[in-house]
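Each chain is listed here by its residues.
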Amino acid sequence: MLFHTLVELFSIVVAFAVFIVAWNSRRMQDNKYLHVVGLSYLFIGALDLLHTLTFKGMNVIPSDGYQANQFWIATRAMEAGIFLIGFLMINRKRRINSDLLFVIYFVITFLIAASILLWKIFPVCFVEGQGQTPFKIYSEYVVILILIVSLVLLVFNQKKFDRRTFQLLAGSIFFAILSECCFATYTTNHGVLNELGHYGKLVAFFLIYRANVEMSFVNPMEQLFRNLKASELEYKTLAENLPGIILRFDDQLNCIYSNQITSGDPVLFEGTAGEIHRRIDPMLKVALRMGMAQNGELDILVGGVVRVYAYQIIPEVSSKTSETNLLVICRDITASRREKQYLSSLLDTIPHQVWTAKADGSIDYVNDVVCRDFGNSRAVLLIDGWQQYVHPDDLAELRQKWLFSLQSGEGFMTQFRLKMADGAYLWHLGRAVPIFEEGKLSLWIGTNTNIDAQKKGQELRDEFISVASHELKTPLTSIKAFNQMLARTSDLVKMRSYVQKVDQSTNKLERLINEMLDVSRINAGKLQFNPSSFDISQLLLECCETMQLSTGSHTLVFESTGPVIISGDRFRLEQVVNNLLNNAIKYSPKTDKVLVSCKTDQGGVVVSVTDFGIGIESRELEQLFDRYYRSDNAAERFGGLGLGLFISSEIIKGHDGTFWIESVIGEGSTVSFRLPMEEKALQSSHPESGFEYHNEHISIICNRDKGWLDVNWTGYQNVETVQNGGIQMLGILKKSGLKKVLNDNREVLGNWSEASDWAAKVWFPLMIEAGLKDFAWVFSPSIFAQLAAQKTVDESDGAANVNFFHDMDEAVRWLASQ
């Protein structure tokens, strides 16, 4: 009895130990089989304890039978069943609910104990004098069979266990089978087979204990340290081979680690990493004090080349020592910065507004064109946003379309007006395309294209069609009406009057048709000229006499200095003069005189037609030569297609001439054109020093006392004279090394706008490249010359400091103060 008690108590202690190991390792136990089996040993040990206490002779729990044998077979059946059921859980992916499993084992244990001790319904297993009952023997064989099946399943699932654990489990089940074989064949509770059976049970329990300890504690800890070692090696290998610089500092800001790229090359460390250390020292202190990550960028000179590094400072706080280390990761972003600069430069050269926005629609980049158009810096524009620059009438529709694109991810396109730096609203075509990364919207790239000229051109064309329809319909209606009246009358006087009216309407219709045909020829570049030599003074006289016969409201006064022979298309120039005379009469309804003059000046002939009528706004003067344009001051009161001045200016340009207007509202207008009389080579004087230049169109003097170039333009200018003068200025500016120019246009006559494009796109940028900083431009009295000057500066891409003046003294004072 003493042997039985000691063996049972020892096996009970082992069973409880198996449970304790399994329960306390339940959160880190990955093997669900051992988890299910291990938790059951608390209850198996409890039933074995009842088996021990009810053993005959213990006299702890009074009994009238052999309840110990009943507890034995019930416990072994429960143990074998759990060995088998555990394999159903081994492939379970969800974590096992340990609390629920504990309750199930408790209920089973309670039912077994109650069926034996309380209800006494458990079958008898041993009869004194006879030995084991058939139920007990057959039950032992069933238990043995279940254990054999479990052993077979263990072999099939041995990959789910490490080698050592598999051996321990297999040994435990094997000794459990041997133990059951002994208990299936013994005849007395005190025989040798019973003793051997208890030895087998003790070994089986010990082996299952070892299996749980191996899997729950020994192997996980070894695996943990092995993983930690592998992770440390992997991270160290990664840090050593990263292309960036990795540094670690202690809480005294001493460098305690640097990766191979720095430690392997002391020169590199001292030249780069050491410089990084010195430069980010203030940020290291901030990160250490606040315990927050810091980041930024540094430009560092390495081997004579500037390298750009992006750095990140990461605080590392130890939970045990409360010490803080700082991890610094530096990446060389020189190439990406350079690519970004190249892209930015490319976008800045595009003559459109270019912008990008985040996925939520917030603008995060605009190019220089946007800054220049709106007159604000990039930083201000990114803060202010775009909505304040949109015309109020266009804002609601624009918002609606942009919101739809943001929500749908579809492209965006619409037309709207944007407020420029000068306060004017110009039409733009806005487009934006979404950029997707891995199926997710990440960026919008958009452009705003200035379509104001096209938009207004379309409006003018639409208006022209409407006006043309009306203008053509009027003479046709008159012709039709007078023809009907001719058919109804036999009065010769009336017939003569009707025929005259028909003739006038026919002439008007012919003139309108010819104007439209001329525009068509100009657009196609097929306007033909038939040059010949003739006296333009005689042509002007004939035109005035003819026009005088057709008007009784105005007196045409012609002034001429005498015959002026030129070479040109007489018919086309007559067309120009007649158009100017018609306009002068039409737009001066309350006066009775028109002046026509012809004079020679600087190798050309200047023809002027002056009226004393309604006048023209200064802002409209330059647009009068655009096709279809009609002055707002006259469009509602006077007829016409708006083609006359456009055709006239094209005819004058075809003769290498220039065209301009001077006008005062309410006082009248003077329309002039200048034609060359003969080709004349430019003559100049070149002093030996090369710091002066003079000809009949320009005078350039290097004024070293005042520190600028004195430039004086005189007379009528054209493309050739402007280009020659500009090139001479450029050469002297380079030679002199001066940075300022006093540009005097007070003696400039007429219109040189044909050369303004060249001056804006070619000459002015070259002047800036040559060193120009300050440019004082004194205006010509000619409005057209002023417009050409402003156009030159407005359309140039230079950064020189330019200021316009009407007074020379003010210009001198300003330039001297720069």
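Placed above this text is the structure.
Keep in mind the model is a prediction, meaning the values are calculated, not measured.

Asker: Teacher, can you tell me more about helix α13 (residues 392-408) here?
Answerer: Helix length check: α13 (17 residues) gives 25 Å between terminal C-alpha atoms against 24 Å at 1.5 Å per residue, within 8%. What α13 keeps buried is the set D394, L395, L398, W402 and S405. Count one or two residues on from α13 and you reach G409, which has phi positive near 75°.

Asker: When you look at the side chain of R417 in this model, what are you seeing that I'm missing?
Answerer: Relative to the helices and strands, R417 is located in strand β10 (residues 412-419). Separated by 2.9 Å, the side chains of R417 and D394 make a polar contact. Those residues in contact with R417 that sit more than four places away from it in its chain are Y389, V390, H391, D393, D394, Y425, L426 and W427.

Asker: Could you clarify how one ought to interpret the sheet that holds strand β24 (residues 774-778) in this entry?
Answerer: What holds strands together in a sheet is hydrogen bonding between their backbones, with the strands either parallel or antiparallel. In spatial order, the strands read β20-β21-β22-β23-β24-β25; together these six strands make up an open sheet with mixed pairing. This sheet does not close on itself; its edge strands, each paired only once, are β20 (692-694) and β25 (801-805). With strand direction ignored, the average angle separating the axes of adjacent strands in the sheet is 15°. Relative to strand β22 (residues 708-716), strand β21 (residues 698-703) is paired through six bridges, and the arrangement is antiparallel. Within the sheet, the bridge partner assigned to I698 lies in β22 and is W713. The sheet contacts of helix α19 (residues 719-736) involve β20, β21, β22, β23 (740-749) and β24, and relative to β22 the element is tilted by about 170°.

Asker: Please clarify how the packing of aromatic side chains should be interpreted in this entry.
Answerer: Applying the stated criterion across every chain, the model contains 22 aromatic pairs. Ring centres of F43 and Y105 lie 6.0 Å apart, and the angle between their planes is 55°; on these two criteria the pair is classed as tilted. One end of the pair, F43, is in helix α2 (residues 32-53); the other, Y105, is in helix α4 (residues 98-117), with 62 residues separating them in the sequence. Y105 shares its class with F43; the two are buried. These aromatic residues form a ring-pair network of at least three members: W752, W763, F764, F775, W777, F779 and F804. The ring of W72 is capped by R76, whose NZ or CZ atom sits 4.4 Å from the centre of that ring. Residue placement shows R704 over the ring face of F691; its charged tip is 5.1 Å from the ring centre.

Asker: Got a minute to help me understand the environment of D807 in this structure?
Answerer: Assignment of secondary structure puts D807 in the loop between β25 and α22 (808-817). Judged by relative accessible area, which is 33%, D807 ranks as partly exposed. It is 9.2 Å that separates the C-alpha atoms of D807 and R746, two residues lying 61 residues apart in sequence. Within the structure, D807 has its side chain in polar contact with the backbone nitrogen of D809 (distance 3.1 Å). Reaching out from D807, the side chain makes a polar contact with the backbone nitrogen of E810 at a distance of 3.0 Å.

Asker: When you look at empty space enclosed by the protein in this model, what are you seeing that I'm missing?
Answerer: It is the rolling of a water-molecule-sized probe over the atoms that shows where space remains empty. Under the defined criterion, the tally for this structure stands at four cavities of 30 Å³ or more. Of the pockets and cavities examined, the largest cavity occupies roughly 290 Å³. Surrounding the largest cavity, 18 residues form its lining, W355, I363, W386, F416 and N448 being those nearest its centre. At the level of secondary structure, the elements contributing two or more residues to the lining of the largest cavity comprise β8 (353-357), β9 (363-366), α11 (368-374), α12 (378-384), α13 and β10. Among the elements that take part in the lining of the largest cavity, β10 stands out by supplying three residues, more than any other. Considering only residue class, the lining of the largest cavity consists of 15 nonpolar, three polar and no charged. Within this model, the second largest cavity holds a volume of roughly 130 Å³. If you trace the second largest cavity, you find 13 residues lining it, with W713, V722, N745, W752 and W777 closest to the centre.

Asker: I would appreciate a short explanation of the side chain of Q70 in the present structure.
Answerer: Here Q70 lies in helix α3 (residues 67-89). Engagement of the side chain of Q70 in a polar contact is seen with the backbone oxygen of P123, the distance being 3.0 Å. Excluding anything up to four places from it in sequence, Q70 contacts I116, F122, P123, V124 and C125.

Conventions used here
- Residues numbered from 1 in each chain as written.
- Predicted model: local features only at pLDDT ≥ 70, side-chain atom pairs only at ≥ 80, totals over all residues.
- Heavy atoms only, no water.
- Helix = DSSP H or I, 4+ residues; strand = E, 2+ residues; numbered from the N terminus.
- Expected span 1.5 Å × (residues − 1).
- Buried < 20%, exposed > 50% of the residue type's maximum accessible area, 1.4 Å probe, protein only.
- Polar contact = N/O pair within 3.5 Å; in protein donor to acceptor, adjacent residues only side chain to side chain.
- Contact = heavy atoms within 4.5 Å.
- Pairing = 2+ DSSP bridges.
- Axes fitted to C-alpha atoms, helices over the stretch in contact; angles between N-to-C directions.
- Phe/Tyr/Trp six-rings, centres within 6.5 Å; stacked < 30°, edge-to-face > 60°.
- Lys NZ or Arg CZ within 6 Å of the ring centre and 35° of its normal.
- 1 Å grid on protein atoms, 1.4 Å probe; cavity = no way out; pocket = protein on both sides within 12 Å on 5 of 7 lines; lining within 4 Å.
- Points joined across faces, edges and corners; volume = space filled by probe spheres on them.
- Nonpolar A, V, L, I, M, F, W, Y, C, P; charged D, E, K, R; others polar.

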